[in-house]
Amino acid sequence: MTGIETAVRDALASRARLSTDAKAIGAEDDLFDRGLTSLMTVDVMLALEARFDLEFPEEALTRNSFRSVASLRDLLVSLGAAA
Amino acid sequence: MTSPGGLAEAIAAESASGTAPLPGAIEGPAAVAAAHAEAVDREGRFPAEAIAALRQAGRLGMLVPAAMGGPGGTLADAVRDCFAVARGCGSAGMVLAMHHSQMACLVAHAGDAAWPREYLARAVRDGLLLASVTSEEGVGGNLRRSLCAPEPAAADDPDQRAHLVKRATNISYGAHASALLLSARRAPDAAEADQVLWLLGPDDYRLERTGGWETMGMRGTRSEAFVVRARAGAEQALSTGFGSIATETMTPVTHILWAGLWIGIAADALDRARAAVKGKLRKSGGSAAGAPGTPRLAAATERLLAAEALLASALRRYGEPGSAQSREMRPAEVNMLKTAVSEATLDAVGQCLIAAGLAGYRVDGAHALSRHLRDLWSAPLMVPNDAIRAASATLMLGPRPQLGRFL
Ligand SMILES: Cc1cc2nc3c(=O)[nH]c(=O)nc-3n(C[C@H](O)[C@H](O)[C@H](O)COP(=O)(O)OP(=O)(O)OC[C@H]3O[C@@H](n4cnc5c(N)ncnc54)[C@H](O)[C@@H]3O)c2cc1C
């Protein structure tokens, strides 16, 4: 597991109330099917922006960006996040 | 009964598809709704005549695509129907809107699953009415929380289907529906927001009425409280989680259809107020320029045009239920359609009342506006605008509506 993926799981664990432990959730599992709501995505985003000192661009603020641990990890990588 | 007019045309122009002819016309059922509106309101009874007319005209299954055995109407078609029916009777318009919003959820999320697809084919054939069970004692109007969860059948029970018990605070036309879409937690140990939507057919549930519906308005929706007791097989739970269904389909489609019906109620109020103002002017023999009441008619129309523009824009941004485009409509935008249109239409009818004066204030006569105002006061309350605005505020720091993108 990459450091970025670990940070994604940390953010989900501290900022979203999911049914499944964020540390144990499958990387491709649909987070919206685990109780993630649009409102929770805002706090998850804020936590990740602070952790990696970057900003999610407007185009990235879609449901698909937040759909899974993997999609968030890929987004962060594309934004140049360094673990 | 005048024709739906401008809104219908505007929305038809917005809609790229929708060329397939739909079974019956909406004018007939809309006239039936109008003819019984007063009795429905006074007696607080289900608008049975209007719903029967809609069923007979084949309008109840209109959102079901041809591939699933339906006529393949568009969301704009459904909006037009809600507008036309609500122009005659707000309660009947609300029943139709709730039904279509639930049907849209099935259409968009049935996938290849046999059970919901079979239900949809049957619903088209028999004109079945589908009700919504999202509200629950203990969670208020928050769609994204459930307390109830399926309990497995006892090992020695010959019926191995799960038990579902939900204490619903409101089920519109619950006693008149053929089937229910019911939200529940995925499992007894699931989080409140980890929800699944169950499709319960006529033989799968019993309703125990636990509360009535003696309300100010929308009296014909009969949105009573019930305990739902159901047995359902695993195949009756939609495979897409309710989180996605709620965000991508149920909430946007509901708010779009509600906007259509609220504008319909206000359009009838505007017609009545205009007739009252004209009638008075005719008696006095005065000129239209500066005639009393006309500034209020203009103010009401201005608000309704703004509401229509919001609705047309929401339809364009959302597209059709289940489409890729629909999944990316921003929740805050869907919220703002609801909060803005609910208040604009209510405010417009207030302007109409001032324009009509005592003719509108009377509860009898052709210009009475009491029912319209009372029906529309449900708009800001059904899913409270304060709660919706609190959610929109949070979303301002995340996926906010994109200005300019759809100009
Ligand atoms: C005509 C009609 C038809 C309906 N049909 C159905 C149906 O078919 N199926 C169904 O399941 N339900 C139905 N409902 C119920 C509806 O879904 C909501 O449950 C209901 O409107 C919530 O009412 P409430 O006032 O009890 O709200 P609550 O959510 O209990 O809120 C109570 C109060 O708290 C405030 N509040 C709540 N949350 C917040 C917040 N986050 N921030 C600020 N203020 C807040 C609200 O403003 C409100 O004043 C219907 C309602 C109406 C009016």
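Criteria and cut-off values
Residues numbered from 1 in each chain as written. Chains lettered and ligands numbered in written order. Predicted model: local features only at pLDDT ≥ 70, side-chain atom pairs only at ≥ 80, totals over all residues. Heavy atoms only, no water. Helix = DSSP H or I, 4+ residues; strand = E, 2+ residues; numbered from the N terminus. Rg over C-alpha atoms; globule rule 2.2 N^0.38 Å. Buried < 20%, exposed > 50% of the residue type's maximum accessible area, 1.4 Å probe, protein only. Contact = heavy atoms within 4.5 Å. Areas by Shrake-Rupley, 256 points an atom, 1.4 Å probe, with all protein chains shown as cover. Lys, Arg positive; Asp, Glu negative; His and termini not counted. Charge placed at Lys NZ, Arg CZ, Asp CG, Glu CD. Domains from an automatic or database assignment. Buried area = accessible area lost by both parts, 1.4 Å probe. Salt bridge = Lys/Arg side-chain N within 4 Å of Asp/Glu carboxyl O. Polar contact = N/O pair within 3.5 Å; in protein donor to acceptor, adjacent residues only side chain to side chain. Axes fitted to C-alpha atoms, helices over the stretch in contact; angles between N-to-C directions. Left-handed = near helix turned anticlockwise from the far one by under 90°. Core = buried A, V, L, I, M, F, W, Y, C linked by side-chain atoms within 4.5 Å. Arc of directions from axis to C-beta. Near = heavy atom within 4 Å. Nonpolar A, V, L, I, M, F, W, Y, C, P; charged D, E, K, R; others polar.

1. Notes on the overall build of chain A
No. 1: Check the secondary structure of chain A and you find three helices and zero strands.
No. 2: For chain A, whose C-alpha radius of gyration is 11 Å, the value lies close to the compact-globule estimate of 12 Å for 83 residues.
No. 3: Dimensions along the principal axes, computed over C-alpha positions, put chain A at roughly 30 × 25 × 20 Å.
No. 4: The 83 residues of chain A split such that 52% are buried.
No. 5: Summarising the internal contacts of chain A: among those between residues at least 6 apart in sequence, 56% fall at separations of at least 24.
No. 6: Here chain A has roughly 3700 Å² of accessible surface; of this, 48% comes from carbon and sulfur atoms.
No. 7: Each charge class in chain A can be summarised by its mean position, and for the 9 positive and 14 negative side chains these summaries are 6 Å apart.

2. Quick word on the domain arrangement of chain B
All names here are of chain B.
No. 1: Each domain of chain B was delimited in the assignment, giving domain 1 (6-128), domain 2 (131-236) and domain 3 (242-395).
No. 2: Each of domain 1 and domain 2 has a C-alpha centre, and these two points are 23 Å apart.
No. 3: Each partner contributes to the interface: domain 1 provides 22 residues, whereas domain 2 provides 18 residues.
No. 4: Overall, the association of domain 1 and domain 2 removes approximately 1700 Å² of surface from exposure, summing both partners, and the carbon and sulfur fraction of that is 70%.
No. 5: Broken down residue by residue, the surface that domain 1 buries against domain 2 is led by F46, Q102 and W115, which jointly contribute 35%.
No. 6: Our count for the contact surface shared by domain 1 and domain 2 stands at zero salt bridges.
No. 7: Where domain 1 touches domain 2, the interface holds six residue pairs in polar contact (both at pLDDT 80 or more).
No. 8: Elements with a contribution of two residues or more to the side of domain 1 that touches domain 2: α2 (27-43), α5 (90-109) and α6 (114-126).

3. A short note on the packing of helix α10 (residues 331-356) of chain B against helix α13 (residues 385-395) of chain B
Residue and element names in this part refer to chain B.
No. 1: Interhelical geometry of α10 versus α13 gives an angle of 145° and a closest axis separation of 9 Å. Seen from above, α10 lies across α13 with left-handed handedness. Contacts from P331, A332, N335, M336, K338, T339, S342 and E343 of α10 reach α13 at N385, I388, R389, A391, S392 and L395.

4. With respect to the nonpolar core
No. 1: Counting 90 residues, the largest nonpolar core has B:L200, B:I256 and B:L261 as the members making the most contacts within it.
No. 2: It is helix α7 (residues 242-284) of chain B that provides the largest number of residues to this core, a total of 16 residues.
No. 3: Those residues in contact with B:L200, other than ones at most four positions away along the chain, are B:L164, B:A179, B:L180, B:L182, B:Y205, B:V228, B:A230, B:A232 and B:Q236.
No. 4: Formed by 28 residues, the second largest nonpolar core is a distinct cluster that contains A:L18, A:L48, A:L72 and A:L76.

5. Describing helix α3 (residues 48-56) of chain B
A turn of α-helix holds 3.6 residues, and therefore any two residues three or four places apart point the same way.
Residues and elements named next belong to chain B.
No. 1: Those residues of α3 not exposed but buried are A50, I51, A53 and L54. An end-on view of α3 places all buried positions within 160° of arc, on one side of the element.
No. 2: Each element contacted by the buried residues of α3 is listed here: α2, α4 (75-88) and α5.
No. 3: The first or second residue beyond α3 is G58, which carries a positive phi of 75°.

6. A look at the site of the ligand
All names here are of chain B.
No. 1: Taken together, 19 residues surround the ligand, and among them S132, S135, G141, N170 and S172 come closest.
No. 2: Take S132: an N or O atom from its main chain is 2.8 Å from a nitrogen atom of the ligand.
No. 3: Notes on the ligand: free accessible area 970 Å², of which the protein chains cover 62%.
No. 4: When residues of the shell around the ligand are assigned to their parent elements, the largest contribution, three residues, is made by α13.
No. 5: For the shell around the ligand, the per-class residue count stands at 10 nonpolar, eight polar and one charged.
No. 6: Taken domain by domain, the makeup of the shell around the ligand includes at least three residues from each of domain 2 (131-236) and domain 3 (242-395).

7. Remarks on the pattern of salt bridges
No. 1: Applying the stated rule across the entire model yields 34 salt bridges over all chains.
No. 2: Put simply, A:R73 and A:D74 hold a salt bridge, and the shortest N to O gap is 3.2 Å.
No. 3: With a relative accessible area of 43%, A:D74 lands in the partly exposed category.
No. 4: Here B:R186 makes a salt bridge to B:D194, at a shortest N to O gap of 2.9 Å.
No. 5: Here B:R186 falls in the partly exposed class, since its relative accessible area comes to 33%.
No. 6: Classification of B:D194 as buried rests on a relative accessible area of 4%.
No. 7: Shared partners join several salt bridges into a network, and the residues in it are B:D157, B:D159, B:R161, B:D204 and B:R231.

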